[in-house]
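Summary of the model geometry
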Amino acid sequence: MKNKDNLILITGSAGFIGAAVTKKLIENGNSVIGIDNLNTYYDLNLKKKRLQNIDLLAEQSEGEWIFNKIDIVERKKVFKLFKEYKPKIVINLAAQAGVRYSLINPKSYIENNILGFSNVLDACVENKVENLIYASSSSVYGGNKKIPYFEDQSVNHPVSLYAATKRSNELIAHAYSSNYGIPATGLRFFTVYGPYGRPDMAPMIFTKSIINEEHIEVYNFGEMKRDFTFIDDVVESIFRCCFKPAICDLGFDAYNPRASVSFAPHRIFNVGNSETVDLMKFIQLLEDKIGKKALINFKPLQKGDVLETFADVSKLKDWINFSPVVSLEDGLDRFLDWYFNYYSL
């Protein structure tokens, strides 16, 4: 690479958020190293298409891009990559995603979300990384009932293994920040959707089923709410955090500690749209925009699911002078335009 100054490494770069962040960084002239294991948890062709889009963008812009097929569980390969490129900024988005899948294959979550993350952290320490941003999740709020969720709430009652691994990431990252001085920022994402989104999430599942006139499964008999966050807002949040590393809170009160800040250079922020939407309203919006009625099978609440998510993003706004701005109506229009074009409908 010609420009190795402020080189940025993104794990999970073929993923939904990872690919979108990579494009943003390249568009702004940054040099990016991407790694991904390209697993088959969902449609591999979608992941490859994201990478093709990045390749095309890199050819047309000043930013540089190199991709390596590496699993963060492969410790030696991770360390070799860090040693070769010496990234200054690391964005860890690689993980085994999905709440419900954690009920089926828990081992994958332990390996990828805990062991893999620890490999990335160790490599950051050895190579004196100047800024680490890592993906957490709104799922960490688990059994909390106080809405909207804010970062200083207790998050010690997860209701899924996926959520437990994400909370573990926050605790482990804090320990590394404390022991080794690595500035680390954990971002709790709230139901991210948009073009090139994950096929295992509700927006893609519902859209496909409505178009194909297939039944969709709606849990807790539709009595659920979600804070849907458009991908561009998530990308902008990550982008700004890249260039504002976490710092120690000089006013940290050890007698009354807050979870979002620390005596160590570690911060936690919600990234959500600050609007909680009834799931049935969300389905109705899709019906209206697609022009077809959904065929619904109502089911009881499934293990691991939470009833409602709703983000307080005031801390994010204070930190990077930005909070999500794309409305659900606008976001769904942009998502559906992409969907119909991508699948040639």
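Each remark here, short or long, concerns the structure printed above.
What this report covers is the structure whose coordinates are included nearby. (Residues numbered from 1 in each chain as written. Predicted model: local features only at pLDDT ≥ 70, side-chain atom pairs only at ≥ 80, totals over all residues. Heavy atoms only, no water.)

Here's the deal with the overall build of the chain
Operational definition: Per the convention used, a helix needs a DSSP run of H or I reaching at least four residues, while a strand needs a run of E reaching at least two, with both numbered from the N terminus. Throughout, radius of gyration means the C-alpha value; the globule benchmark is 2.2 Å times the number of residues raised to the power 0.38. Think of it in three bands: residues with accessible area under 20% of the maximum for their type are buried, residues over 50% are exposed, and the middle band is partly exposed, with areas taken using a 1.4 Å probe on protein chains only. The contact rule is simple, with two residues in contact once any of their heavy atoms fall within 4.5 Å. Values of accessible area rely on a 1.4 Å probe in the Shrake-Rupley scheme; residue burial ignores everything except the protein chains shown.
Secondary structure assignment for the chain yields 10 helices and 13 strands. In terms of C-alpha radius of gyration, the chain reaches 19 Å, essentially the compact-globule figure of 20 Å for 345 residues. Along the first, second and third principal axes, the C-alpha atoms of the chain reach 55 × 55 × 40 Å. Within the chain, the proportion of its 345 residues that are buried is 54%. Here the analysis covers contacts within the chain between residues at least 6 apart in sequence; of these, 82% occur between residues at least 24 apart. Taken as a whole, the chain presents about 15,300 Å² of accessible surface, with 50% of it coming from carbon and sulfur.

Here we look at the packing of helix H4 (residues 106-126) against helix H5 (residues 161-180)
Quick note on the threshold: To obtain an axis, a line is fitted to C-alpha atoms, over the contacting stretch when the element is a helix, and the angle between two such axes runs from 0 to 180 degrees between their N-to-C directions. In what follows, roughly perpendicular refers to angles from 65 to 115 degrees, roughly parallel to angles under 35, roughly antiparallel to angles over 145, and oblique to any angle outside these ranges. Note on convention: the crossing is left-handed when the near helix lies turned anticlockwise from the far helix by less than a right angle, right-handed when the turn is clockwise. Any residue outside Ala, Val, Leu, Ile, Met, Phe, Trp, Tyr, Cys, Pro, Asp, Glu, Lys and Arg is labelled polar, Gly included; the first ten of those are nonpolar and the last four are charged.
Close contact between H4 and H5 brings their axes to 10 Å; oriented N to C, the two are set at 15°. Taken together, the axes of H4 and H5 lie roughly parallel to each other. Crossing of H4 against H5: the hand is right-handed. Judged by residue contacts, Pro-106, Tyr-109, Ile-110, Asn-113, Ile-114, Phe-117, Ser-118, Leu-121, Asp-122 and Val-125 of H4 engage Leu-161, Tyr-162, Thr-165, Ser-168, Asn-169, Ile-172, Ala-173, Tyr-176 and Tyr-180 from H5. Residue composition of the contact of H4 with H5, by class: 13 nonpolar, 5 polar and 1 charged.

Observations regarding the packing of aromatic side chains
Each pair of aromatic rings is reported with the distance of its centres and the angle of its planes. Which entries qualify depends on this criterion: For Phe, Tyr and Trp, where Trp contributes only its six-membered ring, two rings pair if their centres lie within 6.5 Å, and the inter-plane angle classes them as stacked under 30 degrees, edge-to-face over 60, or tilted in between.
This structure, assessed with the given rule, holds 26 aromatic pairs. Each ring, one from Tyr-193 and one from Phe-230, has its centre 5.5 Å from the other, and the planes form 70°; the classification is edge-to-face. Within this pair, whereas Tyr-193 is found in strand E7 (residues 192-193), its partner Phe-230 is found in strand E10 (residues 229-230), the two being separated by 37 residues in sequence. The class of Phe-230 is buried, set by a relative accessible area of 1%. Where Trp-338 meets Tyr-339, the ring centres are 6.1 Å apart and the plane angle is 75°; that geometry is what we call edge-to-face. Tyr-339 matches Trp-338 in its accessibility class, with the two residues each being buried. An aromatic cluster of three or more residues is present, and its members are Tyr-196, Phe-335, Trp-338, Tyr-339, Phe-340, Tyr-342 and Tyr-343.

Describing the packing of helix H1 (residues 16-27) against helix H2 (residues 44-60)
As a packed pair, H1 and H2 sit with axes 10 Å apart at the nearest point and diverge in direction by 0°. Overall, the two elements H1 and H2 adopt an arrangement that is roughly parallel. Counting all contacts with H1, which are made through Phe-16, Ala-19, Thr-22, Lys-23, Ile-26 and Glu-27, the residues of H2 involved are Arg-50, Asn-53, Ile-54, Leu-57 and Ala-58. A per-class count over the contact of H1 with H2 returns 6 nonpolar, 2 polar and 3 charged.

Observations concerning the layout of surface pockets
Spelled out, the test is: Here a cavity denotes a set of grid points, spaced 1 Å apart and computed over the protein atoms alone, in which a 1.4 Å probe fits but from which it cannot get out, and a pocket denotes an open set meeting protein on both sides within 12 Å along at least five of seven lines; residues with an atom within 4 Å of a point are reported as lining. Grid points are joined across faces, edges and corners, and a volume is the space filled by probe spheres set on the points.
When its volume is computed, the second largest pocket comes out at roughly 310 Å³. Lining the second largest pocket are 15 residues, with Ala-19, Ala-20, Lys-23, Ile-231 and Asp-232 sitting closest to its centre. Mapped onto the lining of the second largest pocket, the elements with two or more residues apiece are H1, H2 and helix H7 (231-242). Among the elements that line the lining of the second largest pocket, the one with the most residues is H1, at 6 residues. Looking at the lining of the second largest pocket, its residues break down into 8 nonpolar, 1 polar and 6 charged.

Focus: H5
What counts here: One less than the number of residues in a helix, times 1.5 Å, gives the span that helix is expected to have.
Along its 20 residues, H5 runs 28 Å from first to last C-alpha, staying within 8% of the 28 Å computed at 1.5 Å per residue. Inspection of H5 places Tyr-162, Ala-163, Thr-165, Lys-166, Arg-167, Asn-169, Glu-170, Ala-173, Tyr-176 and Ser-177 among the buried residues, and these make up the whole buried set. Packing partners of the buried residues in H5 comprise H4, strand E5 (131-137), strand E6 (184-189) and strand E11 (266-271). Downstream of H5 by a residue or two, Gly-181 has a phi angle that is positive, lying close to 75°.

Concerning unusual backbone geometry
Put simply, Ile-147 and Pro-148 share a cis peptide bond, and its omega is -5°. Even without being a glycine, Lys-86 presents a positive backbone phi close to 50°. Following the sequence through the fold, Lys-86 ends up in the loop between helix H3 (75-85) and strand E4 (89-92). Judged by its relative accessible area of 46%, Lys-86 is partly exposed.

Observations concerning the pattern of salt bridges
Note the following rule: Here a salt bridge means any side-chain nitrogen of Lys or Arg lying within 4 Å of a carboxyl oxygen belonging to Asp or Glu.
Enumeration according to the criterion identifies 19 salt bridges in this entry. Through salt bridges that share partners, Asp-152, Asp-249, Arg-258 and Lys-315 make up one connected network.

Observations concerning the environment of Gly-304
You can see Gly-304 is positioned in the loop between strand E13 (295-299) and helix H9 (314-320). In this structure the C-alpha to C-alpha distance between Gly-304 and Asn-220, which are 84 residues apart in sequence, comes to 12 Å. Those residues in contact with Gly-304 that lie beyond four places of it in its chain are Val-99, Val-159 and Ser-160.

Some remarks on empty space enclosed by the protein
This structure, assessed with the given rule, holds 1 cavity of 30 Å³ or more. One number sums up the size of the largest cavity: a volume of about 40 Å³. In this structure, the largest cavity is lined by Phe-16, Val-192, Tyr-193, Gly-194, Gly-197, Arg-198, Met-201, Pro-203, Met-204 and Phe-335. Only E7 and helix H6 (202-211) provide two or more residues apiece to the lining of the largest cavity.

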